[in-house]
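One-letter residues, chain by chain:
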Amino acid sequence: MLSTALRTLRTRWITFVGSFVALSLGVALIAVMGLALASSLDAPARGPERFAAAPVVVKGQDTLRVTTPNGVRTRKLAQPRAVPADATTRLRALGTVVEDRSFAVRAEGAPADLVGHPWSTTAFAPYALDAGRPPESADEVVVSGDWARPGSDVRTGGGTVRVVGTVTGLGFENAVFYTDARAAELSPHSPQLVVDADATAVRQALRGSEGVQVLTGDARRYADADPDRDSEALTTMNAMFGTAGGVTGFVSVFVVASTFAFAVAQRRREFGLLRTAGATPGQLRRMVVSEALVVGVLASAVGCVLGSHGAPRLAAWAVDESLAPRWFTIGDYTWPCQLAFWTGLFVAVCGALGASWRAGRTGPAEALREVSVDTGAMTRGRRLFGAALLITAAVTLAVALLTHPGELLQRKVYVSRPMLLISAVALLAPVLVGPLVRLIAWLPARLPGAVGMLVRENAAAGVRRTAAVAAPVLVTVALAGSLLGATATLDQAKATEVRERTAADFVVVPADDSGFDRATLRRLRAVSGAEVSTSASSAVYVLEDGVALISSDARAAEPEPLAATAHLPLAAGKVSDLDDDSIIVNEEWQKHAVGERVDVWLGDGTRKSLRIAAVMTTGTGGNGVYVTPRNAPAAPVDRVDVHLADGSDQDTVAAGLRRAVRASGGEVLTGDAWVRAQYPETNRTTGAGFLLVLGIALLYTGISLANTMVMATSDRVRELAVLRLTGATKWQVLRLVGAEALMVVMVGGVLGALVAGLNLAGMWAALGLLSVWTTIEIPWTALAGVLGACAVLAVIAAVVPAGLLLRRGAVESVGVRE
């Protein structure tokens, strides 16, 4: 059988080249994603950065630790506590104590991530002046990097400052240094100190101080602004590469299996002749398996080589796009290539064996009769598997809608759901192809000429060919519609929530993350005709089921002004019932009945029992909770909602608000303008991950579409020759072939749109059950682009081989051997 298989490979090389290309690219994609995912599992060891030269760093409580039956659960506090005053006094007796402060700074022409510090902390990095001098007054600063030079004036949110010096950037931050006094004004809260004393003496002095940490050696990195950024970056990369790897792996396996099955199905005449010559079904199957093994081994090996060269390029792209940290590279791993190799070989054998099983079971005469038209394309197994997948998709959707509709809004769910439906629709495609072809070709078949009628009949008669060529289009359109449509629909739903919840005529926002100072708030409250509601961002933590410590975003506001400037989506209770002993929660909470008491930890780690005053609907999951300002200690006011009093002039009030925030640099927006500014956007990493997935899917399925189309066209030598003998010109035949290619692309596009529509309809139903009524956002531009690209590729891949085949004489082509 092996010798027969090798001879077959040599004589039917076009078919096997198409299978080889599809498989090698599929294995390459799996290897690339596997290598990227494996390399994102570990981060390099990182030492202290801002405090590399600091003797000892003392840090206030910044982590909530709760003991549960399953161990200690931890969460980062929204408002870390400062080092207690009495502890600071004891530390000053040991040596020099420098209070550290960090706060965001907005400045014209500066990096977006500019952060402010006191000048005295430069010695602990250490930073060294490379030009100018240290700041000496409140309006003087020193900057890192080369974005500003000494002597230049820079406009910031807190006013105009003069750059009097520069320090060499150390790579981990873009900093601006103020005098210590000015930094204390801009950021009164100081969560950590640097102590110039012996670490043992410091620990002795702090004995009995609850929650205070003494950091020395490598532990000083926990005093840096974002000590967990490497682990967070790894988590983000794992999610991105995991999603991309899962989707591209599915696409690769799906397309490769389809291509191999079609390659075997093309050879029914050959199998019939072999059966007539005395070959047994087992011999046919062994021959096909031998062919698949030869092609699979060679293609998988080539795919692994391509993947090992492609993975570093993917890593470089992720770093250039700031989707991965600068240290990210592809490590020395072998298991992803081994996984890709054996996956490719397994898929090749299974795809070929599954398609050949039916051919091996048929008798010689029956196999020969099957050649002219595709009859019985829907086997019993295909019907059962397709129906089972479709029923599974429907049942899981129904269960999710009835029990936990919010799960359908999770990324891992709306990414994985299309795959189930794609598989089901692809298996049932032979049933759907005939009606779809007749529907799409209804009008063209009635136009003058025979092209429309021939396109309809050829596509309907060649069900296997149509389904195989449409499969790559189905995958790409379904993924593009489902992923892009899901994120756009979710963004629109969140925007709808913001719009319906906002009743303010104006919203005033601060210039930076430090919020509004007391003087600015007094001026805002004094504006005539303005009813002001101040609020601050914080967090609340709750222990659910006794084992899970859940963090929930919280907004602190006074109840009466809040009721006047916001329309909370309440399911029970009243906003006016909120007080210092209560909380407004949403239906996601385990306890959410009005009047019940819940034990929570506030943003600074204080434990408290609060009564539920009102309950909001779940929505898209961003409703959070509401508390009074007393239950959000140390949270700066970061938003001021303004409602116009009766008879007040809008322009006059707006002018008064602008005067009130002029000194602090705040911005006054109308309610509508603030809603537009808050329009949710898909997370940049998520968006880049989806573009990566869709880009790879489009590239791979495009190549596979071209391969399958070439394979299908090359198998139609006699058919095209018969058309020439009946009087058709070469250009008429080519137009027919091109029209058939467009027909097949349209069939795949309709099936893909059906899958995307079903997915988006499920998400829309889930949003409705969560009390968010919005429109389904369909990415028409992306779908049109995908279909257009597939159509161009399909036409070229069909017309060019057909043109080459037509160069041979018609009589000679009719007599060509298999």
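Residues numbered from 1 in each chain as written. Predicted model: local features only at pLDDT ≥ 70, side-chain atom pairs only at ≥ 80, totals over all residues. Heavy atoms only, no water.

### What to know about the overall build of the protein chain
Rules: Strands here are runs of E lasting at least two residues and helices are runs of H or I lasting at least four, both read from the DSSP assignment and numbered beginning at the N terminus. For this analysis, residues touch if any pair of their heavy atoms sits within 4.5 Å. Here the Shrake-Rupley method, with its probe set to 1.4 Å, supplies the accessible areas, and only the displayed protein chains count as covering residues.
When you go through the protein chain residue by residue, the secondary structure sums to 24 helices and 23 strands. Within the protein chain, contacts between residues separated by at least 24 positions form 80% of all contacts whose residues are at least 6 apart in sequence. Accessible surface, the protein chain as shown: approximately 36,600 Å² in total, 58% of it carbon and sulfur.

### Section: the packing of aromatic side chains
So the rule is basically this: For Phe, Tyr and Trp, rings pair up if their centres lie within 6.5 Å, where Trp contributes its six-membered ring, and each pair is then called stacked (planes under 30 degrees apart), edge-to-face (over 60) or tilted (otherwise). For every residue, the accessible area obtained with a 1.4 Å probe (protein chains only) is divided by the maximum for its type, and the residue is called buried under 20%, exposed over 50%, and partly exposed between those limits. By the criterion adopted, a ring carries a charge over it if an Arg CZ or a Lys NZ lies within 6 Å of its centre and within 35 degrees of its normal.
Under the definition given, this model contains six aromatic pairs. Seen from their ring centres, Trp-119 and Phe-177 are 6.0 Å apart, and the 85° between their planes marks the pair as edge-to-face. Of this pair, Trp-119 sits in the loop between β6 (114–118) and β7 (129–132) while Phe-177 sits in strand β11 (residues 174–178); the two residues are 58 residues apart in sequence, bridging distant segments of the chain. We note that Trp-119, like Phe-177, is buried. Plain terms: the ring middles of Trp-764 and Trp-773 are 5.8 Å apart, the flat faces sit at 65° to each other, and that makes the pair edge-to-face. Given the relative accessible area of 36%, Trp-764 is considered partly exposed. Taken together, Trp-119, Tyr-127, Phe-172 and Phe-177 form an aromatic cluster joined through their ring pairs. The positively charged end of Arg-221 is found above the aromatic ring belonging to Tyr-222, 4.5 Å away from the centroid.

### Some words on the pairing of strand β8 (residues 140–144)
The cut-off we apply is this: At least two bridges found by DSSP between two strands is the condition for calling them paired.
For β8, a buried count of five out of five residues is recorded, marking the element as mostly surrounded by other parts of the structure. Burial along β8 is two-sided: Glu-140, Val-142 and Ser-144 and Val-141 and Val-143, pointing in opposite directions, are all buried. The sheet contact formed by β8 and β11 spans two bridges and is antiparallel. Looking at β11, one finds that Val-142 is bridged to Phe-177.

### Some thoughts on the pattern of salt bridges
Stated formally: When a carboxyl oxygen of Asp or Glu lies within 4 Å of a side-chain nitrogen of Lys or Arg, that pair is called a salt bridge.
By the definition in use, this model includes 17 salt bridges. Its salt-bridge partner being Asp-579, residue Arg-611 comes within 3.3 Å of it at the nearest N-O pair. Taken as a pair, Arg-611 in strand β20 (residues 607–616) and Asp-579 in the loop between β17 (570–573) and β18 (582–586) lie far apart in primary sequence, 32 residues in all. On the basis of relative accessible area, Arg-611 is assigned to the partly exposed category, the value being 24%. On the basis of relative accessibility, which here comes to 32%, the residue Asp-579 falls in the partly exposed class. Measuring nitrogen to oxygen at the nearest pair gives 3.0 Å for the salt bridge that ties Asp-641 to Arg-639. The pair Asp-641 / Arg-639 is uniform in exposure class, with both members buried. Within the structure, one salt-bridge network assembled from shared partners comprises Arg-50, Asp-100 and Glu-173.

### Structural notes on the confidence of the model for the protein chain
Definition in use: pLDDT expresses, on a scale from 0 to 100, how confident the predictor is about each individual residue.
Mean pLDDT over the protein chain stands at 81; residues scoring 70 or higher make up 83%. With pLDDT under 50 throughout, residues 811–818 is counted as low confidence; its partners more than four residues away or in other chains account for 17 contacts.

### Let's talk about unusual backbone geometry
With an omega dihedral of -5°, the bond running from Ala-125 to Pro-126 counts as a cis peptide bond. Residue position: Pro-126 is located in the loop between β6 and β7. Non-glycine residue Ala-634 carries a positive phi angle of around 70°. Structurally, Ala-634 can be placed in the loop between β21 (625–627) and β22 (637–644).

### Considering the side chain of Arg-101
This is how the line gets drawn: Definition of a polar contact: a pair of N or O atoms within 3.5 Å, with one able to donate and the other able to accept a hydrogen when the atoms are protein atoms, and with sequence-neighbouring residues admitted only if both atoms are side-chain atoms.
Looking at the secondary structure, you find Arg-101 in the loop between β4 (97–100) and β5 (103–104). Reaching out from Arg-101, the side chain makes a polar contact with the backbone oxygen of Ser-187 at a distance of 3.0 Å. A distance of 2.9 Å separates a polar side-chain atom of Arg-101 from the backbone oxygen of Pro-188. If near-sequence neighbours (up to four positions away) are discounted, Arg-101 is found in contact with Gly-116, His-117, Pro-118, Ala-183, Ala-184, Ser-187, Pro-188, His-189 and Ser-190.

### Notes on the sheet that holds strand β12 (residues 192–195)
This is how it is decided: Angles shown run from 0 to 180 degrees and are taken between the N-to-C directions of axes, each axis being a line fitted to C-alpha atoms and, for helices, limited to the stretch in contact.
A sheet is described by the order of its strands in space; here four strands give the open sequence β4-β12-β1-β13, paired in antiparallel fashion. In the strand order of this sheet, the two ends are held by β4 and β13 (213–215), each with one partner. Taking each pair of neighbouring strands and ignoring which way they run, the sheet shows an average axis angle of 25°. One ladder, built from three bridges, connects strand β1 (residues 56–59) with β13; its direction is antiparallel. Counted as the bridge partner of Val-57 is Leu-215 from β13.

### Quick look at the pairing of strand β15 (residues 530–544)
Here β15 lies mainly inside the structure; twelve of its 15 residues are buried. With seven bridges connecting them, β15 and β22 associate as antiparallel partners. Residue pairing in the sheet places Ala-536 in a bridge with Val-637 of β22. Where β15 meets strand β16 (residues 548–557), ten bridges bridge the pair, whose relative direction is antiparallel. Of the residues in β16, the one forming a bridge with Glu-544 is Ala-548. Counting the residues between successive antiparallel strands, the hairpin from β15 to β16 contains three residues, one of them, Asp-545, with a positive phi of roughly 60°. For β15 and strand β19 (residues 597–601), the ladder comprises two bridges, and the chain directions are antiparallel. When the sheet's bridge partners are listed, Val-542 is paired in β19 with Val-600.

### As for the environment of Ser-576
Within the secondary structure, Ser-576 is located in the loop between β17 and β18. Ser-576 gets classed as partly exposed once you look at its relative accessible area, which sits at 47%. The sequence separation of Ser-576 and Pro-561 amounts to 15 residues, and the corresponding C-alpha distance is 9.3 Å.

### A word on the packing of helix α13 (residues 429–440) against helix α22 (residues 730–769)
Inclusion rule: In this scheme, a crossing is called left-handed if the near helix is turned counterclockwise away from the far one by less than a right angle; it is called right-handed if the turn is clockwise.
Look at α13 against α22: their axes get within 10 Å of each other, and the N-to-C directions meet at 115°. In the crossing of α13 with α22, the sense of the turn from one axis to the other is right-handed. On α22, the residues touching Ala-429, Leu-432, Val-433, Leu-436, Val-437 and Ile-440 of α13 are Met-743, Met-746, Val-747, Val-750 and Leu-751.

### Overview of the environment of Val-693
Turning to its location among the elements, Val-693 is positioned in helix α20 (residues 684–714). Each C-alpha atom of the pair Val-693 and Gly-246 lies 9.3 Å from the other, and the pair is 447 residues apart in sequence. With sequence-adjacent residues up to four places away left out, Val-693 is seen in contact with Thr-243, Ala-244, Val-247 and Leu-483.

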